[in-house]
Amino acid sequence: MMKRKAEKQQAAAPLSAVAARKARMQQTQTTVTTDTTTTHTEPVAEPPSKRPRRSLEEAQSQSTSEGQRTTRATKRGAVKAEKVQQRVENGAKETRSKKTTVEVEDRGNQTSSEEEEEEEEDVEENAAGVMAVPEGTEDGYESPADTPSLTMEFPLSKMRLNKSNIVYSDEHTLCVRIREKMSIVMIGHYDLWVKRGVVSLMGAKLHPSPRVYRVYAPSTHSLPVIKCVTGVDGAAEVEFKSFHSGLTRLRDLSPLYQRVWNSGNSPADKLSLKTVGQDVRRTFSVLHTSADDSLNRHLRPLHLEKQWSAAIKVLSQRSGRLQVLICGPKASGKSTFGRYLLNHLLSPAPQTETNYHNTDGVAFLDLDPGQPEFSPMGQVYLAHLRSPVFGPPFTHPSLDNERDGSIVRAHHIGASSPKEDPDHYVLAITNLIEQYHALLATYPQCPLIVNYPGWIFGLGLEVATYLIKTLGLSDVVYMSEKGPMEVVEPLSQAANVSKIPLTILPSQPTEFVSRSSAQLRSMQMQSYFHMSQPKGVNHPMWLERPVFKNRPFRILYSGPNRGIHGIMTLGSQISSDLLCESLEGAIVGVVAVESPNALPTQPDTSSIAEKQPNDDNDDDNEEEEEESTSDIDMDADTNVDNTTSSTSSSITSALARLTAPTKESLPYLTTGPGSDTPLHPTSSHSLGLALVRSINTTTQTLDLLTPIPPSRLAQSLEQGHALVLVRGALDNPNWAVSEEYYAARAEERRFRRGLRSQNSNNQNEDGGEGAGDDELDEKEKKRMHTLLKERIRRAKDVPFMTVVEDHGRRRQDEARAQRALWKLRKKAGPESESEVGY
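Residues numbered from 1 in each chain as written. Predicted model: local features only at pLDDT ≥ 70, side-chain atom pairs only at ≥ 80, totals over all residues. Heavy atoms only, no water.

Looking up the protein chain in an unreviewed UniProt entry gives the name Polynucleotide 5'-hydroxyl-kinase GRC3, with the organism given as Aspergillus puulaauensis. Here the protein chain is described in UniProt, under the heading Sequence similarities (unreviewed entry), as follows: "Belongs to the Clp1 family. NOL9/GRC3 subfamily." Quoted verbatim from the Subcellular location (unreviewed entry) heading of the UniProt record, the comment on the protein chain is "Nucleus, Nucleolus". (UniProt positions renumbered as here; feature names shortened; annotations may be inferred.)

Caption draft 1: Region of interest: the nonpolar core. The biggest cluster of nonpolar side chains holds 56 residues, and the ones touching the most others in it are I184, L192, F240 and F337. When residues are assigned to domains, this core turns out to be shared by domain 1 (166-292) and domain 2 (306-525), each giving three or more. If sequence neighbours within four positions are ignored, L192 has contacts with L201, L206, R211, V212, Y213, V215, I226, V238, E239 and F240. L365, L382, L448 and W455 belong to the second largest nonpolar core, which has 38 residues in total. (Core = buried A, V, L, I, M, F, W, Y, C linked by side-chain atoms within 4.5 Å. Buried < 20%, exposed > 50% of the residue type's maximum accessible area, 1.4 Å probe, protein only. Domains from an automatic or database assignment. Contact = heavy atoms within 4.5 Å.)

Caption draft 2: Examining the packing of aromatic side chains more closely. This structure, assessed with the given rule, holds 14 aromatic pairs. Measuring from ring centre to ring centre gives 5.9 Å for Y213 and F390, while their planes differ by 85 degrees; the resulting arrangement is edge-to-face. With Y213 in strand 8 (residues 213-217) and F390 in the loop between strand 15 (379-385) and strand 16 (400-401), this residue pair connects regions lying 177 residues apart in the sequence. For the ring pair F364 and F374, a centre distance of 5.6 Å and an interplane angle of 90 degrees mean the geometry is edge-to-face. Note that F364 is positioned in strand 14 (residues 362-366) and F374 in the loop between strand 14 and strand 15, a separation of 10 residues in sequence. Take F374: its relative accessible area is 2%, and that puts it in the buried class. Chaining the aromatic ring pairs together yields one cluster made of Y216, F243, W261 and W542. Taking NZ or CZ as reference, R214 lies 3.6 Å from the ring centre of F243, over its face. (Phe/Tyr/Trp six-rings, centres within 6.5 Å; stacked < 30°, edge-to-face > 60°. Helix = DSSP H or I, 4+ residues; strand = E, 2+ residues; numbered from the N terminus. Lys NZ or Arg CZ within 6 Å of the ring centre and 35° of its normal.)

Caption draft 3: Region of interest: the pairing of strand 19 (residues 475-478). Neither face of strand 19 is open: one carries D475 and V477, the other V476 and Y478, and all of them are buried. Where strand 19 and strand 20 (residues 502-504) come together, three bridges link them in parallel fashion. Across the sheet, residue V476 finds its bridge partner in strand 20, namely L502. In terms of handedness, the path from strand 19 via helix 11 (residues 485-498) over to strand 20 forms a crossover that is right-handed. (Pairing = 2+ DSSP bridges. Right-handed = clockwise from strand over helix to strand, strands pointing away.)

Caption draft 4: Structural context of the packing of helix 9 (residues 422-442) against helix 10 (residues 459-470). It is the contact of helix 9 with helix 10, at a shortest axis distance of 12 Å, that shows an interaxial angle of 20 degrees. By the angle between their axes, helix 9 is roughly parallel relative to helix 10. In terms of crossing hand, the pair formed by helix 9 and helix 10 is right-handed. Residue-level inspection shows P422, Y425, V426 and I429 of helix 9 in contact with helix 10, the latter providing L459, V463, Y466 and L467. Taken together, the residues of the contact of helix 9 with helix 10 break down into eight nonpolar, no polar and no charged. (Axes fitted to C-alpha atoms, helices over the stretch in contact; angles between N-to-C directions. Parallel < 35°, antiparallel > 145°, perpendicular 65-115°, else oblique. Left-handed = near helix turned anticlockwise from the far one by under 90°. Nonpolar A, V, L, I, M, F, W, Y, C, P; charged D, E, K, R; others polar.)

Caption draft 5: Examining the sheet that holds strand 14 more closely. Ordered by their spatial adjacency, eight strands build an open sheet running 16-17-15-14-18-13-19-20, and the pairing between neighbours is mixed. Every interior strand has two partners, whereas the edge strands, strand 16 and strand 20, have only one. This element, helix 8 (residues 334-345), spans strand 13 (323-327), strand 14, strand 15, strand 18 (448-451) and strand 19 of the sheet and lies at about 170 degrees to strand 18.

Caption draft 6: How the structure looks around unusual backbone geometry. Located in the positive-phi region is N296, a residue other than glycine, with phi close to 55 degrees. Summarising the element assignment, N296 is placed in the loop between strand 11 (284-287) and strand 12 (301-302).

Caption draft 7: Focus on helix 11. If you check helix 11, its first and last C-alpha atoms are 20 Å apart, about what 14 residues at 1.5 Å a residue would give, namely 20 Å. Of the positions making up helix 11, those classed as buried are V487, V488, L491, A494 and A495. Relative to the axis of helix 11, the buried residues are bounded by an arc of 135 degrees and lie together on one face. Those residues of helix 11 that are exposed and angled more than 90 degrees off the buried face are M485, Q493, N496 and V497. The secondary structure elements touched by the buried residues of helix 11 are strand 13, helix 10, strand 19 and strand 20. Positive backbone phi, at 60 degrees, marks K499, one or two positions downstream of helix 11. (Expected span 1.5 Å × (residues − 1). Arc of directions from axis to C-beta.)

Caption draft 8: Broad picture of empty space enclosed by the protein. This model, assessed by the stated rule, comprises eight cavities of 30 Å³ or more. Approximately 360 Å³ is the volume attributed to the largest cavity. If you go around the largest cavity, you meet 24 residues; those closest to its centre are V389, H396, D404, H539 and P540. Elements with a minimum of two residues in the lining of the largest cavity: strand 8 and strand 16. If you tally residues by element for the lining of the largest cavity, the top one is strand 8, at three residues. (1 Å grid on protein atoms, 1.4 Å probe; cavity = no way out; pocket = protein on both sides within 12 Å on 5 of 7 lines; lining within 4 Å. Points joined across faces, edges and corners; volume = space filled by probe spheres on them.)

Caption draft 9: Focus on the environment of D577. As for its position among the elements, D577 is in the loop between strand 25 (564-569) and helix 13 (579-583). The exposure class of D577 is partly exposed, given its relative accessible area of 45%. In the structure, D577 is positioned 85 residues away from T662 in sequence and 6.8 Å away in space, judged by C-alpha atoms.

Caption draft 10: Representation of the environment of G234 in the model. The residue G234 is located in the loop between strand 9 (223-230) and strand 10 (235-241) in this model. Classification of G234 by relative accessible area gives partly exposed; the value is 31%. When the C-alpha positions of G234 and R177 are compared, they lie 9.7 Å apart, and in sequence the two are 57 residues distant. The contact partners of G234, leaving out residues within four places of it in the chain, are R179 and E180.

Caption draft 11: Seen up close, the environment of L201. You can see L201 is positioned in strand 6 (residues 198-201). With 101 residues separating them in the primary sequence, L201 and L302 have C-alpha atoms 9.6 Å apart. Residue contacts for L201: discarding those within four places in its chain leaves L192, L206, V215, P224, V225, I226 and F390.

Caption draft 12: Structural view of the pairing of strand 9. Pairing of strand 5 (residues 183-196) with strand 9 involves three bridges; the strand directions are antiparallel. Paired with S183 across the strands is K227, a residue of strand 9. As paired elements, strand 6 and strand 9 share four bridges and run antiparallel to each other. Counterpart to V199 in the pairing with strand 9 is C228. Of the pairings in the sheet, the one linking strand 9 to strand 12 comprises two bridges and is parallel in character. By the bridge assignment for strand 12, L223 is matched with P301.

Put into structure tokens, the structure is as follows:
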């Protein structure tokens, strides 16, 4: 009966070609599931292997009808695309006018058991944030999969835990013995200590040492595989230990961080926790197959392709002379290959294995502002790394650690794509290469890895070939065996001219991911603003409270003692009347101006003489500032170096001439109508990003939320630099708007969970004493619950956010379907240049 109803519904309404293909695939999946789960089923009629022959007239009529249906479907798709494009354009306009609305869902408190509460947390993953349709359309490459993938058992670990390979275990630690050529896979986060033997992890070979490595293995990326390379008595001994850094608590602030880490104990965990207790929960779980995951997520191991392994071995033999450019189309595995190569070069191999022992670290030049590795989006930078990195980008959104690495220099692009301003992009690259050459003076055996974005067609191809000819590279790696020839031939010609080898490797086989690029950017940006590096701690920590509850930096933007000397925009010029509205709640780049040469236009000496007749030596000061190296506080009244003072005064005076105050007295840096020329990279650098919390026009102060260390800001001011805020075309911080709402909901859920556990414990106890105390406790519980409800209500009433209430199960089912997977669609061809996303 169900099948007949479905057939009637399908026959009632005409279907397009896409819908028909989707229906056939769903029917095929239903058939496969039924065949595998039941033994007594009715035989399903298979379609004929060949189509019946038709006469010429029937074939023509059929082709005509199919053409009409295709035309209608194309028109409907064009209309939908036009509507989506209008929504995207309207969203872009709302971005400038700060009218963006974040829709979140509130399903009420209909849950009555712990099982339903876990389902509620699962559904909340896609209940908030930016709508998926505009993001996928704007990206052009990623979209939710047409059909949900079949749940299948995928092998992860080659070894199974048993009493013979478990050395010891407790509630926090697990020590296992891994035999040679065997591997183990875990989900979650843990500290890894190699006690005996040699193991490989994400390209790095880890030898026995006192060093402990921190590993992040979320479900958003392929899980790292720990494999025994060589062992003592045929096995390696590795210890895993739980740790808490606060990163997992971000799931209470954003649904994108839910269903990311381990949940519940796997069968292997229950075996290792027999002596401790089954209620104990570590921060990691051992998985033998994907079926061991209680959430049935799309888990896959991170294996290294054989051609990748051979290429990494060849490149690592260059040792300190290695300078490699990694390029290719989007979603081809550039970041993964670069991370493998980076970890392999940073592996602390003993001197006996090879003649080269890396003591100078590795330089990593990241030219992808859309998906950077060690920085939030919108920046290109040069990093100096000294330790392997085990985790996706949102687990290390910035570097400020002497042991692991640091950012040498960064430049703010202000967009996720360099095609907005290629000239400024090339200038920034040139300056970062100069910084690398200066780094070689201190670390002469420091290799270089250049990560190029997926902008490899059209003008991006010209930039790539220019870099190959001018950077003095030793190797070029292209991550696609499918071409196209319009890209491979120019790269090969440029490599031949420079007399360097071009290596072509296959793309990564992963087709489905659980987060889109826009969602991963939001996760990395949120992690960046919540991360902190306490003094004396080797690893970063993450703050668990909403970012708007942090204490902001209050800076003057007007007056003689102001800290912000200019505000400029990139991408498009904003009217001075709308500058204040566009800044509130926006993410801006904090750029330090080192010299007046960084300004868009040099000051006119004639106008300077007319406006400031007493400043006759400004040109001399501008020449002297290039040689200044003093570190003196620019605001100090005593012991001020003359060179640094003249440098800061020349910068501030030049900025004062180029800025036009708005009606709120904001120093708007502009060089004329329609001009958005960025600061020159040779005389400026980016300190990081900041979130403008509010603008007080009465006191003329800016409240900035930024993870930039205060010591770095103070050092920049001591060197005589001036700070400029740059407003680009970065994604709106919708995650920051909804953090308080999700935090309130999480607190209320924990309170209800505590009440249920307390009530269950009271029911198991005998005796009726203390009834009066129970009444007081009930009143206190109701009062606390009322306060939590009031907090949720206040969190709903915030600007730019709308809570959509839906208590039905239909909405939950739709959310689960939308949460499935994202399909990566790689387009290799010049015609897709306009659709290249990051």
